[in-house]
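Residues per chain, in single letters:
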Amino acid sequence: MTVPERAQKDSNMAVEVKVLTLNVWGIPGISKDREARMEAIVQQLVTGNEEYDFVFLQEVWSKADYTFIASKVNKVLPYSHTFYSGCVGSGLCVLSRSPITEVHYHRFALNGYPHKLLHGDWWGGKGVALCRTVRHGVPMLLATTHFISSPQHQRMGVCVRLCGSVPGKEVEEKIPIFHAEYNPQEDEYVHHRLTQAFETSELIRFAKKTEEVLICAGDFNCIPTDFAYRMVKFYAGLVDTYTDSPCKTPGSCGETNQTPANSYTNVKTLITNPSGNRIDYIFYQASSTHKVKTKLCDQPWPQRVPQRDFSFSDHEAVRAIITITPVKDEDATENITELQAQTDALLEGAAVCEQGLKKVACNRRLYLTLAGLVLGLELAYLAVLSLDLSLGALMGLSVLSMAGMLLLAYLLHMGTVFSHLEYSGVQAARLAIKCHLEKLTERNAQVEQERKHSSSFIK
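Just so it is clear, the structure is predicted and the values come from calculations on it, not from any experiment.

Peer 1: Explain unusual backbone geometry here, please?
Peer 2: Excluding glycine, a negative phi dihedral is what most residues carry, and trans is how most peptide bonds are arranged. Positioned with a positive phi, D33 is a non-glycine residue whose angle comes to about 55°. Look at H136: it is not a glycine, yet its phi comes out positive at around 55°. Within the element layout of this structure, H136 appears in the loop between β6 (127–135) and β7 (138–146).

Take a look at the structure:
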């Protein structure tokens, strides 16, 4: 099976582009069945019923996993690129049937805290990855990202799966798992996700050329009712392929994570959220020369790896088939509904920024207060040295003092340098949003005035 760019299609013909996105949950040493699942994912891409034009993968944290995947699928997806960032990489990679001619990576300004080791976001250097390519003669901009998740459910959990080869006689096996589960309640990273959504939208607006069709896919860690989703969709001007698709699965809202059929779903989450969440998306944006329409958006892969008792990942793979049709170069038209949707998204983002700035100030005070307490303990240690203590007691106090000094240095760093960086990240987003809101307010008024003028003219 080979995939050279076939003979150029008639420039007036519609073409289909097939896209897949999947968070592979590939944390070395933590993700269950990782190596077996990577092999299964490769097998599905190579021998599955569909031949994809572009595949977007998230959480490919291991360089060995990326090398394995890229080398095994090169006959059907011969072009690939991974994006290095942070201490352990971005986890993002793109597989393509057409040559990737240009790449860019933007690391998010805010992405968790370094001391939240079990969350791991800060160490991963998450961001937005961009690739340029041409498929069927259509210039395309590809984007993939992975937003920070809600940390309250980034913890150990238990999933239940059936084991055994004899139907009807399977045995329930409870296995411990560690993975990020989306939880919008009590979210300490809400302002971080807002800045990530805004930076993603800004980058798309600046990077996309008018003649390019954009495909943006990934794990956005937000459901369709969240502010981050609205920011990306309305401010960046994207179309959600799931809502755009004419076909929907009965009884489903396209949930992609924590679904009851997934073998890695924490059983406790099903009590309050029996259906799961839709947090993985494929968006598109048409160009000045091509219109785009979704033919299908679904989850094509089986619930379990064939002949195995586990799923491909803790997320479901999402497929979109889009139809791209050439059109004459026409001026883009704006309507009051679109402008109002952008305005509402930005107003909500501004409110989240205000809350974020208050949280940054609160955290700063907490870090500095704790630093003061640790400093007081260090001074008390110096006073205790004048007492007549045994050698063992002195050695124990010395070890505690060294640990206290390290803690003091870290708290001072978090209360000064890191807090200032966090403040700058939120403040930059707030000021940029304010600037855009001023322009949108003027444009809203102008469009409304034009609408009234047209109505009066008709009358």
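Peer 1: Honestly, the packing of helix α1 (residues 34–47) against helix α2 (residues 63–72) in this entry has me stumped. Any pointers?
Peer 2: Packed helix pairs are specified by the crossing angle of their axes together with the interaxial distance, meaning the distance between the axes. Close contact between α1 and α2 brings their axes to 10 Å; oriented N to C, the two are set at 25°. Our classification of the angle between α1 and α2 gives roughly parallel. Classified by chirality, the crossing of α2 by α1 is right-handed. Residues R34, M38, E39, V42 and V46 of α1 form the contact with α2, whose participating residues are D65, F68, I69 and K72. Among the residues forming the contact of α1 with α2, the class breakdown is five nonpolar, no polar and four charged.

Peer 1: Could you clarify how one ought to interpret α1 in this entry?
Peer 2: Each turn of an α-helix holds 3.6 residues, which means side chains three or four residues apart point in the same direction. If you check α1, its first and last C-alpha atoms are 20 Å apart, about what 14 residues at 1.5 Å a residue would give, namely 20 Å. Within the span of α1, buried status applies to R34, R37, M38, A40, I41, V42, Q44 and L45. Considering only its buried residues, α1 is in contact with β1 (15–26), β2 (54–60), α2 and β4 (93–96).

Peer 1: Teacher, can you tell me more about the packing of helix α4 (residues 190–207) against helix α5 (residues 227–235) here?
Peer 2: At a closest axis distance of 9 Å, the pairing of α4 and α5 adopts a crossing angle of 10°. On the basis of the axis angle, α4 is roughly parallel to α5. Across from V190, R193, L194, A197, F198, S201, E202 and R205 in α4, the residues of α5 making contact are F227, A228, M231, V232 and Y235. Classifying every residue of the contact of α4 with α5 gives nine nonpolar, one polar and three charged.

Peer 1: Honestly, the nonpolar core in this entry has me stumped. Any pointers?
Peer 2: The tendency in soluble globular proteins is for nonpolar side chains to be buried side by side. Ranked by size, the top nonpolar core spans 40 residues in total, and within it F198, F220, M231, L238, F283, L346 and I433 carry the most contacts. Counting residues per element, this core draws most heavily on helix α9 (residues 391–458), which supplies seven residues. For I433, the contacting residues outside a window of four places in its chain are L194, F198, M231, L346, G349, A350 and C353. Counting residues in each nonpolar core, the second largest holds 27 residues, with L22, V42, L45 and F312 among its members.

Calculation criteria
Residues numbered from 1 in each chain as written. Predicted model: local features only at pLDDT ≥ 70, side-chain atom pairs only at ≥ 80, totals over all residues. Heavy atoms only, no water. Helix = DSSP H or I, 4+ residues; strand = E, 2+ residues; numbered from the N terminus. Axes fitted to C-alpha atoms, helices over the stretch in contact; angles between N-to-C directions. Parallel < 35°, antiparallel > 145°, perpendicular 65-115°, else oblique. Left-handed = near helix turned anticlockwise from the far one by under 90°. Contact = heavy atoms within 4.5 Å. Nonpolar A, V, L, I, M, F, W, Y, C, P; charged D, E, K, R; others polar. Expected span 1.5 Å × (residues − 1). Buried < 20%, exposed > 50% of the residue type's maximum accessible area, 1.4 Å probe, protein only. Core = buried A, V, L, I, M, F, W, Y, C linked by side-chain atoms within 4.5 Å.

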